[in-house]
Amino acid sequence: MIDTLSRAFFHALAGSGALRTIAARYGMRRQDSFARRFIAGESIEEAIGAARLIQARGLRTTLDFLGESVATSAGADVATREYVSIVRQVVDSGVERNLSIKLTQLGLDVDRVTCIDNLRRLLDRAGDRFVVRIDMESSAYTAQTLDVIETLWDQGYRQIGAVLQSYLRRSEQDASRLSRLGIPVRLVKGAYKEPADIAYQKKSDVDAAFVRLMRTLLDENPYPAIATQDPAMIDATIAYVNARGLSRDRFEFQMLYGIRRDLQTALARDYTVRVYVPFGRQWYQYFMRRLGERPANVKFVLGSVFKERRA
Ligand code: FDA
């Protein structure tokens, strides 16, 4: 994981209008454009195409129609309608998939009722055909996000799933509560810049918390998803599963589109592996988080932009 300073730097860049313009111009223009390494495309057709290729490699997918930080009720309504229509197209395509979504896309910044109404529309459309995983955003939204998930779970929406971040100190308590309720959890390290009073700052602490949470979830959660590209975390998971004699059907690994494809394919020989496939026009913030995790990616992006400008 990247150090705190670089992560803060990329979060600042994520707000830059000038960079956003350059990205919009060059990021997706050609099949080899830089953003395509991490994002499947701007349209649902491209996402379904990517999901089919992943499926052909023996992996599963969760599709994420990118979008976040929607500020108005009208904007959240548009995003919800788009998502509902995507659900229909995805179901019609027959491709194997789950969905991932962020609550600020559905109006969490507007108010709780708007967000819950919109999420309910989406869940009603999805039925119980696949898991709708609620991504976890920055800590400003942790409590509200879990509250919305638990409220809908209480109302009988059993296809919903949560995400916990190992860098947050509160996650150990959340893991036990969600597991008691029976809500499936995806475990990640966490992708945002968080203050030291609520989040571990050192990679070694975040990793140690990840291992503790992984063990708790494998013991207590109905179906945990261990989501990481970190070989050390993957090895620790496999060692724990073997030591406890747990069935391989009890959990799955998840990894991000475009990162460590070699590891994804190798792991899928023995375990269920699901790839997180982001797509849509609102890809810039997601893309900046991926750059922030690994500055080496920046060299690759800059090289691609210069190549594009010469083309
Ligand atoms: P770590 O960052 O330590 O990286 C381990 C190794 O993986 C690196 O050394 C490198 O080889 C490779 N790697 C990691 N990131 C890379 C990158 N961007 N480019 C190239 N190589 C890279 N976060 C969140 O806050 N809320 C969420 O809802 C989700 N959802 C989610 C779903 C899925 C399926 C995954 C895999 C991840 C998330 N995340 C997330 C992101 C997560 O919090 C974390 O930021 C990234 O997964 C990177 O952390 P790793 O566990 O891979 O470890």
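So, a few notes on the structure that sits alongside this text. (Residues numbered from 1 in each chain as written. Predicted model: local features only at pLDDT ≥ 70, side-chain atom pairs only at ≥ 80, totals over all residues. Heavy atoms only, no water.)

1. Some points on the site of the ligand
Reasoning step 1: Around the ligand there are 26 residues in total, and Met136, Gly190, Thr228, Gln229 and Glu293 lie nearest to it.
Reasoning step 2: Met136 is positioned with one of its backbone polar atoms (N or O) 2.8 Å from a nitrogen atom of the ligand.
Reasoning step 3: Contact distances for the ligand include 2.5 Å between an oxygen atom and a side-chain N or O atom of Glu293.
Reasoning step 4: Protein contacts shield 91% of the accessible area of the ligand, which totals 930 Å² for the unbound molecule.
Reasoning step 5: For the ligand, the cavity whose grid points lie within 2 Å of the majority of its atoms is the largest pocket.
Reasoning step 6: Those elements that place two or more of their residues in the shell around the ligand are strand E4 (160-165), strand E5 (185-188), strand E7 (252-256) and helix H11 (284-293). (Near = heavy atom within 4 Å. Polar contact = N/O pair within 3.5 Å; in protein donor to acceptor, adjacent residues only side chain to side chain. Areas by Shrake-Rupley, 256 points an atom, 1.4 Å probe, with all protein chains shown as cover. 1 Å grid on protein atoms, 1.4 Å probe; cavity = no way out; pocket = protein on both sides within 12 Å on 5 of 7 lines; lining within 4 Å. Sits in = over half its atoms within 2 Å of the grid points. Helix = DSSP H or I, 4+ residues; strand = E, 2+ residues; numbered from the N terminus.)

2. Let's talk about the layout of surface pockets
Reasoning step 1: Its boundaries defined by the atoms lining it, the largest pocket holds a volume of some 860 Å³.
Reasoning step 2: Lining the largest pocket we find 36 residues, and of these Thr228, Gln229, Leu256, Arg290 and Glu293 sit closest to its centre.
Reasoning step 3: Considering every element that reaches the lining of the largest pocket, the biggest residue donor is H11, with four residues.
Reasoning step 4: Of the residues that constitute the lining of the largest pocket, the class distribution is 16 nonpolar, seven polar and 13 charged. (Points joined across faces, edges and corners; volume = space filled by probe spheres on them. Nonpolar A, V, L, I, M, F, W, Y, C, P; charged D, E, K, R; others polar.)

3. Digging into the environment of Phe65
Reasoning step 1: Locating Phe65 in the fold gives a position in strand E1 (residues 60-65).
Reasoning step 2: Look at Phe65 and you get buried, because its relative accessible area is 8%.
Reasoning step 3: The sequence separation of Phe65 and Arg281 amounts to 216 residues, and the corresponding C-alpha distance is 8.7 Å.
Reasoning step 4: If near-sequence neighbours (up to four positions away) are discounted, Phe65 is found in contact with Glu82, Tyr83, Ile86, Ser100, Gln105, Phe279 and Gly280. (Buried < 20%, exposed > 50% of the residue type's maximum accessible area, 1.4 Å probe, protein only. Contact = heavy atoms within 4.5 Å.)

4. Section: the packing of aromatic side chains
Reasoning step 1: Evaluation of the coordinates by the stated rule reveals eight aromatic pairs.
Reasoning step 2: Seen from their ring centres, Phe251 and Phe253 are 5.4 Å apart, and the 85 degrees between their planes marks the pair as edge-to-face.
Reasoning step 3: Look at Phe253 and you get buried, because its relative accessible area is 1%.
Reasoning step 4: Look at Phe253 and Tyr271: their rings are 5.6 Å apart centre to centre, the planes differ by 85 degrees, and that puts the pair in the edge-to-face class. Of this pair, Phe253 sits in strand E7 while Tyr271 is found in the loop between helix H10 (261-268) and strand E8 (273-279), placing the two residues 18 residues apart along the sequence. Tyr271 matches Phe253 in its accessibility class, with the two residues each being buried.
Reasoning step 5: An aromatic cluster is present here, built from Phe38, Trp283 and Phe287 joined pairwise through their rings.
Reasoning step 6: A cation over an aromatic ring shows up here: Arg290 above the ring of Tyr286, its NZ or CZ 4.6 Å from the ring centre. (Phe/Tyr/Trp six-rings, centres within 6.5 Å; stacked < 30°, edge-to-face > 60°. Lys NZ or Arg CZ within 6 Å of the ring centre and 35° of its normal.)

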